[in-house]
Amino acid sequence: MNATEPRRRWWRRTSPRTRPRTWLRSVRARAALAAASTAAVILAGIGWWVHHDVYRESTGIAQGQTERQFLALVDQLEKGAVPARRSTVPYEIVATGRRAAVAYGGGMEEFDPGTRHVLPAPPKAELPAPPDEGPDWGYATRPVRLPERPDSAPGDRFGKDGGTYQVMYDDVRADELSSDTVAALGVAADAQLRVYVVVLPHAAEDIAGTITEATDRLLLQAGLVGLVLIAAVAYFAVRIALRPVEAIRVLTASVTANDPRERVTVPATGHEITALATTINSTLQRLDDAAAQQRRFVADAAHELRSPLTTLLASLEVALAYPERTDWPAAATTAARQTRRLQALAEDLLLLARLDTRAPTTGPETVDLTDLASRLTEQYPVTERPLTLTCDSTAPAPAPGNPDEYERLLRNLIDNATRHATHRIQITVRNQDTWVVLTVHDDGPGVPTADAERIFERFVRLDDARSRDQGGTGLGLAIARDLAHRHRGTLTLTPRTLGACFELRLPRAPAPAEK
């Protein structure tokens, strides 16, 4: 069993099923494959277009050659010359009143027209002849069915049954020719001659096919070479372009959550790699800030926990060292106060941990913030200092959310105002369009503008507040803002000339009549 273990691992490493899959994961290979595939589609489209265009042009050229040869035959006849039988196009010249063809060639001999003509004779010419209006190069075209042939040799231009072909024809009057020409042609003086040229479609197709075949061969060779070059260029271009990405990957892999101080080099090219490097640096900076905040949070939490524990331990050790001189009720009171402080701090830490998980609120309910503010104002415990706590509201202010969390949020704001107020705390609840706006305003020393956002951080207490704070943990405002965000609202410190004013904005729940 042990002897086969290395062999089994070697087989897994060199499995042919794994190697192609790994190669295809490469961005360079995928880019080259995509470029080659796209180029193949484009080149195939261009080749199809060139093939059909060359075929069309070649067919036109072949038809043009047939037309020129036809006009040359007509010109020869009008000049009194009898065309030769050797011709690249099948032709036949017939005349009225004559059983045999005047002349033929180019394959028409396959029908043995020596004793008769294959194509129909023209009608008799009109007398007298119409006035001469100059040379006329016009001709007509019509389909004509050729007769069947008894035999067919390989290479014949026509099928055994003849078939139907397009023919070009033009008429020439015998009275327009010289008497010697008429006698040489063996036609009557009042006869009308007709020149036929059979248009062979396969001849044009042969010419076009030869040209397009050569063109297709060249296009295929050029296309294959082009695909290889395009794939190679795309592969190496992407490889060069991804070098900064590989450098970013290597450097990012060395970054840890405990020490995210490394930064990637931002290229000066200004393209997408620059944006990627900038984004990664921003992410690393946020990770660094989060790690620093976490370290600060742990240090502050340890400090806050150590303070009441130290006080509690010191008072108990003194009481145990001098039991006969210890005021046990006072010692128990001190221990209970410090224990309550530890309990409050533990509850705040547990609540912050739950809020950090972004767990959804249980069961959406509608809470009347006016009723909640009024109830807390009436039930709030009396403090050692004389404070006036009032609530100003004109109408119900319903907001969707958890009643316990709303009560915790408002209690934290009132506790913070109570610790810093001099004589008076004012709670105001108003409806503004689709929002419920609740403010808690105290007449204390206020908060400097530079610390307007800092006071919402965890375990942050200003120096002035520390000297007067009695039992605060520095987590109340942080919990209040997290609860506001949890309910899709905001909590901010609004500028005031006297004291501090915290404004809570929450989405307003629709009234029953509006649903």
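As a reminder, the structure under discussion sits directly above these lines.
Numbers given for residues are sequential positions, taken from 1 along each chain in its written order. Note on the predicted model: pLDDT of at least 70 is required for a residue's local features to be given, and 80 or more for side-chain atom pairs to be given and counted; whole-chain, interface and lining totals, by contrast, use all residues. For side-chain calculations, the full set of non-hydrogen atoms in the structure is used, while hydrogens and water are omitted.

A. Broad picture of the overall build of the chain. Within the chain, the secondary structure is distributed over twelve helices and twelve strands. Partly exposed residues are those whose accessible area sits between 20% and 50% of the maximum for their type, while under 20% is buried and over 50% is exposed, using a 1.4 Å probe and protein chains only. Looking at the chain residue by residue over its 515 residues, the buried ones come to 35%. Any pair of residues with heavy atoms lying within 4.5 Å of one another is described as a contacting pair. Restricting to contacts in the chain with at least 6 residues of sequence separation, those with at least 24 account for 65%. Values of accessible area rely on a 1.4 Å probe in the Shrake-Rupley scheme; residue burial ignores everything except the protein chains shown. In the form shown here, the chain has an accessible surface area of approximately 31,200 Å², with 57% of it arising from carbon and sulfur atoms. Secondary structure counts use DSSP, requiring at least four H or I residues in a row for a helix and at least two E residues in a row for a strand, with both numbered from the N terminus.

B. Layout of the packing of aromatic side chains. To pair, rings of Phe, Tyr and Trp, with the six-membered ring standing in for Trp, must have centres within 6.5 Å; the planes then decide the type, stacked if under 30 degrees apart, edge-to-face if over 60, and tilted in the middle. Counted by the stated rule, this structure contains four aromatic pairs. Residues Tyr 169 and Tyr 196 carry aromatic rings whose centres are separated by 6.0 Å and whose planes lie at 45° to one another, so their mutual orientation is tilted. Placement of Tyr 169 in strand β4 (residues 163-173) and of Tyr 196 in strand β5 (residues 192-199) is noted, with a sequence separation of 27 residues between them. Residue Tyr 169 is classed as buried on the basis of its relative accessible area, which comes to 17%. Here the aromatic rings of Tyr 235 and Phe 236 are separated by 5.4 Å at their centres, their planes lie at 85°, and the arrangement is edge-to-face. Note on geometry: a ring has a charge over it if NZ (lysine) or CZ (arginine) is within 6 Å of the ring centre and within 35 degrees of the ring normal. Here Arg 481 stacks its cationic end above the ring of Phe 456, 3.9 Å away from the centre of that ring.

C. Just the packing of helix α8 (residues 328-356) against helix α12 (residues 476-486), in detail. Each axis is a line fitted through C-alpha atoms, taken for helices only over the stretch in contact, and angles between the N-to-C directions span 0 to 180 degrees. Two numbers describe how α8 lies on α12: the axes approach to 11 Å, and their chain directions differ by 30°. Looking at the two axes, α8 sits roughly parallel to α12. Like other packed secondary-structure pairs, α8 and α12 cross with a definite hand, here left-handed. Within the contact between the two elements, α8 uses Asp 348, Leu 351, Leu 352, Arg 354 and Leu 355 and α12 uses Ile 479, Asp 482, Leu 483 and Arg 486. The residue makeup of the contact of α8 with α12, split by class, is five nonpolar, no polar and four charged. Here roughly perpendicular refers to angles of 65 to 115 degrees, roughly parallel to angles under 35, roughly antiparallel to angles over 145, and oblique to all remaining angles. Two helices cross in a left-handed way if the nearer one is turned anticlockwise from the farther one by less than a right angle. They cross in a right-handed way if the turn is clockwise. Any residue that is not Ala, Val, Leu, Ile, Met, Phe, Trp, Tyr, Cys, Pro, Asp, Glu, Lys or Arg is counted as polar, Gly included; the first ten are nonpolar and the last four charged.

D. Looking closely at a nonpolar patch on the surface. A contiguous nonpolar patch, built from Ile 42, Leu 43 and Ile 46 and spanning about 250 Å² of accessible area, is present on the exposed surface. Relative to the assigned elements, Leu 43 resides in helix α3 (residues 27-78). Nonpolar side chains (Val, Leu, Ile, Met, Phe, Trp, Tyr) are joined into patches within 5 Å and like charges within 9 Å, using only residues with over 30% relative accessible area and no salt bridge. For salt bridges, the criterion is a side-chain nitrogen of Lys or Arg within 4 Å of an Asp or Glu carboxyl oxygen.

E. Spotlight on the sheet that holds strand β11 (residues 490-494). A pair of strands is labelled paired if DSSP reports no fewer than 2 bridges between them. Strand order in the open sheet formed by five strands is β7-β9-β10-β12-β11, and the pairing between neighbours is mixed. Both outer strands of the open sheet, β7 (388-393) and β11, are each paired with one neighbouring strand and no more. Along the sheet, successive strands turn relative to each other by an average axial angle of 15°, direction set aside. Relative to the sheet, helix α9 (residues 369-379) contacts β7, β9 (424-432), β10 (435-442) and β12 (501-507), its axis offset from that of β7 by approximately 165°.

F. Quick look at the sheet that holds strand β1 (residues 91-95). Taking strand neighbours across the sheet as the criterion, the five strands line up as β2-β1-β5-β4-β3 in an open arrangement whose pairing is antiparallel. The sheet terminates laterally at β2 (103-105) and β3 (140-146), the two strands that pair on one side only. Within the sheet, the average angular offset between the axes of one strand and its neighbour, ignoring direction, is 30°. Of the strand pairs in this sheet, β1 and β2 are connected by three bridges, and their pairing is antiparallel. Looking across to β2, one finds that Tyr 91 is bridged to Gly 105.

G. Quick peek at the packing of helix α6 (residues 243-253) against helix α7 (residues 272-321). Look at α6 against α7: their axes get within 10 Å of each other, and the N-to-C directions meet at 10°. When the axes of α6 and α7 are compared, the pair comes out roughly parallel. Contacts from Pro 244, Val 245, Ile 248 and Thr 252 in α6 reach Ile 273, Leu 276, Ala 277 and Ile 280 in α7. Taken together, the residues that form the contact of α6 with α7 break down as seven nonpolar, one polar and no charged.

H. Examining the nonpolar core more closely. Throughout this description, the term nonpolar core refers to a set of buried Ala, Val, Leu, Ile, Met, Phe, Trp, Tyr and Cys residues connected via side-chain atoms within 4.5 Å. With 41 residues, the main nonpolar core has Leu 369, Leu 410, Leu 413, Leu 438, Val 440, Leu 491 and Phe 502 as its most contacted residues. For this core, the secondary-structure elements that each account for two or more residues are α8, α9, α10 (403-420), β9, β10, α12, β11 and β12. When residues in this core are grouped by element, the largest group, six residues, is from α10. With residues up to four places along the chain from it excluded, the contact list for Leu 438 reads Leu 369, Leu 410, Ile 427, Thr 428, Val 429, Phe 502, Glu 503 and Leu 504. Core analysis: the second largest hydrophobic core is formed by 23 residues, Leu 177, Leu 185, Val 197 and Val 199 among them.

I. Structural detail: the environment of Thr 265. With respect to the secondary-structure elements, Thr 265 resides in the loop between α6 and α7. A relative accessible area of 67% places Thr 265 in the exposed class. A C-alpha to C-alpha distance of 7.0 Å links Thr 265 and Ala 277, two positions twelve residues apart in sequence.

J. Representation of the pattern of salt bridges in the model. If you walk through the whole model with that rule in mind, you get seven salt bridges. A salt bridge links Arg 411 to Glu 407; the nearest nitrogen and oxygen atoms lie 3.2 Å apart. Note that Arg 411 and Glu 407 are positioned in helix α10 at a spacing of four residues, about one turn of the helix. Measuring nitrogen to oxygen at the nearest pair gives 2.7 Å for the salt bridge that ties Glu 453 to Arg 481. You can see Glu 453 sitting in the loop between β10 and α11 (463-468) and its partner Arg 481 sitting in helix α12, a full 28 residues away along the chain. Arg 481 gets classed as buried once you look at its relative accessible area, which sits at 14%.

K. Representation of the side chain of Thr 96 in the model. Relative to the helices and strands, Thr 96 is located in the loop between β1 and β2. On the accessibility criterion, Thr 96 (14% relative accessible area) is buried. Within polar-contact distance, the side chain of Thr 96 engages the backbone nitrogen of Gln 192 at 3.1 Å. Apart from residues lying up to four places away in sequence, Thr 96 is in contact with Pro 122, Pro 123, Lys 124, Ala 191 and Gln 192. In the analysis that follows, any N or O atom pair within 3.5 Å is treated as a polar contact, provided that within protein one partner can donate a hydrogen and the other can accept it, and provided that, for residues neighboring in sequence, both atoms belong to side chains.

L. Highlighting unusual backbone geometry. One non-glycine residue, Asp 433, adopts positive backbone phi at about 55°. Tracing the chain through its elements places Asp 433 in the loop between β9 and β10. Despite not being glycine, Arg 488 shows a phi value in the positive range, around 60°. Looking at where Arg 488 falls in the secondary structure, it is placed in the loop between α12 and β11.

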